[in-house]
Every structure is written in structure tokens, then in C-alpha cells.
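# Observations on the model geometry
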Amino acid sequence: MSKLLDSDREPRPGRWVGPTRIALRVGLAVAVAYLGVTFYERATRPRLERKQGPLRKIHPDAYVYPPKSYVTSVQSARKLIGRPLWVKEGFRWAFQPGNEVLGPLEKIVPTRIRQAGREVRLTFEKGGVSCNLPIAAGGHFFVDELFLLKDPRELWTHWSDEDWRKIEAHVVEPGMSEHQVVFSLGAGNIIQSSRHSTQRIVDYKLGAEAGIDPVRVTYRDGVVERVDPLPAE
């Protein structure tokens, strides 16, 4: 019988193979045991009851979404002609001729849209006089900042007749929403506000010339918490 060549003989495992196999088996057994103990501890651990913090009540006004105008050019602005518009923030927007301002929720009907230099101006009639005010400057249109495109009574349908009477009489009381205050007193000037705070303090002075007493209103979660009179300037 011929002798086997060295290359035909089955190689013998090195000395490290045996210990390595034992180490791997031991490691696997330890890992399995660790996982078993971990899952057992989690399963038998008493569950901690999470205490739910106080829920913040969301005012119904937060669910009202006035329609947008989507006016971005003189051409698209012309669709406003003949369409009733309601002023969002009274005593803020001045019109010509003169230097008068539009009141809270004042209703106007545009009769013309024209380019005037870098401005786009909207024309309407007030007291039989042709008036106009800018609705764009430098290519930026701000129709949605100026007006509501739908009757406010059809938007804020959850407000009672008493709420509307207070607004029309320019009365502000605790419990009213910020929208109701703005529609009653016009635009305000924020005195104190924090992104992480639920409190806001706003001064309302612009209606003084219209006979509306200036006040400082403190809001909590968008609702009037306190009303303080301000000295007339």
C-alpha cells in the first residue's frame, strides 16, 4: 500500500480550536441565561402608574379656519371686486383720502383694483366717497392679514347672540376669547408673551379716538382672565 502524501492527509485542528468552541458555547449559554433573567424581571416588575397631568381646555375658536384669498397678483386680486370683505383688526389700517382707519369687522365692497407704483390699491366706497387702501407692497400681498372673506357670523357660529351684542357694544369681560376682544376693541399691542407660557398681556388703545376706553387685557389659554383700565393718552 502506497504511502499517503502529506497533502492528502486530513489536517489536524490547531490547539486553539477546542478552547474556542468551549468559550463560544459558554458565552452563548450565559447570553441566553441573561436574556431569560432580564425578560423575567421585566415581566414580574410592578408597573408604575403614570399620573396624567391636567388637561388644557382648547377654546372652540381654535377650530375656526377662515378661508384664504390666495391673492398673489393684480390679476388674482381682481376677483375681490364686488365681494364683501370684513376688517380683521380694526383701527389698524388707514385709507385715503384723509387719514381715517377702518373699524373692527367693518364691511367694505371693493369696486376697483389698480397698480400704483410699487403698491396695489383696493378702491371702495364709504359714505358716498371713493376711498382706497394698499393691499400689496413690493410684490407682497397681505389681503388675508387685512380682511375676512366670509361673514364672521357664519364662521364663529358657536358664539351666542349675547356674545355678538358685547362685541358690537365694544364690551370686554373675563371669559371672552381673544378673537372676540379683537373684534370688539380692534388691534392690540402685545406687552408680555412667552412661547412656553399660557399667559399673554395685551394693551388696546387704538380705539380711543372712536370713544372706546383703552384697557389692558390679560389672557390665559386664549381666554380673558382680567381687564384693567388704562389712562387715556
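The sections below set out a description of the structure shown in this document. (Residues numbered from 1 in each chain as written. Predicted model: local features only at pLDDT ≥ 70, side-chain atom pairs only at ≥ 80, totals over all residues. Heavy atoms only, no water.)

With that out of the way, let us pick up the overall build of the protein chain. Scanning the protein chain from N- to C-terminus turns up 6 helices and 13 strands. The contacts of the protein chain with a sequence gap of at least 6 include a subset with a gap of at least 24, amounting to 45%. About 16500 Å² of surface is accessible on the protein chain, with carbon and sulfur atoms providing 53% of the total. (Helix = DSSP H or I, 4+ residues; strand = E, 2+ residues; numbered from the N terminus. Contact = heavy atoms within 4.5 Å. Areas by Shrake-Rupley, 256 points an atom, 1.4 Å probe, with all protein chains shown as cover.)

Turning our attention to helix 5 (residues 161–168). For helix 5, every residue scored as buried is listed here: Trp164, Lys166 and Ile167. Viewed end-on, helix 5 has its buried residues packed into an arc of 155°, placing them on one side of the element. Projecting away from the buried face of helix 5 at angles above 90 degrees are the exposed residues Asp161 and Glu168. Buried residues in helix 5 make contact with helix 4 (152–155) and helix 6 (178–185). (Buried < 20%, exposed > 50% of the residue type's maximum accessible area, 1.4 Å probe, protein only. Arc of directions from axis to C-beta.)

Below, the discussion takes up the side chain of Ser184. Along the chain, Ser184 falls in helix 6. Not counting chain neighbours up to four residues away, the residues in contact with Ser184 comprise Pro104, Lys166, Ile167, His170, Val171, Val172 and Ile212.

What follows covers the nonpolar core. In this structure, Leu102, Leu122, Phe124, Leu133, Ile135 and Phe147 are the most contacted members of the largest nonpolar core, which totals 24 residues. Listed by contribution, the elements that provide at least two residues to this core are helix 2 (74–77), strand 1 (85–87), strand 6 (119–126), strand 7 (129–137) and helix 3 (143–146). Sort the elements by how many residues they give to this core and strand 7 lands first, with 4 residues. Other than its neighbours up to four places away in sequence, Leu102 contacts Val87, Gly90, Phe91, Arg92, Trp93, Phe95, Ile108, Phe124, Leu133 and Phe147. Within the second largest apolar cluster, 23 residues are counted, among which are Trp159, Ile167, Val172 and Val202. (Core = buried A, V, L, I, M, F, W, Y, C linked by side-chain atoms within 4.5 Å.)

The next point concerns the sheet that holds strand 6. The sheet built from 4 strands is open, its strands ordered 5-6-7-8 with antiparallel pairing. Unpaired on one side and paired on the other, strand 5 (110–116) and strand 8 (140–141) mark the two borders of the sheet. Relative to strand 6, strand 5 runs antiparallel, the two sharing 6 bridges. Counterpart to Arg112 in the pairing with strand 6 is Thr123. (Pairing = 2+ DSSP bridges.)

This part takes up helix 6. Across the 8 residues that make up helix 6, a large majority, 6, are buried. Looking at the buried positions of helix 6, the neighbouring elements they touch are strand 9 (147–148), helix 5, strand 11 (199–204), strand 12 (215–220) and strand 13 (223–229).

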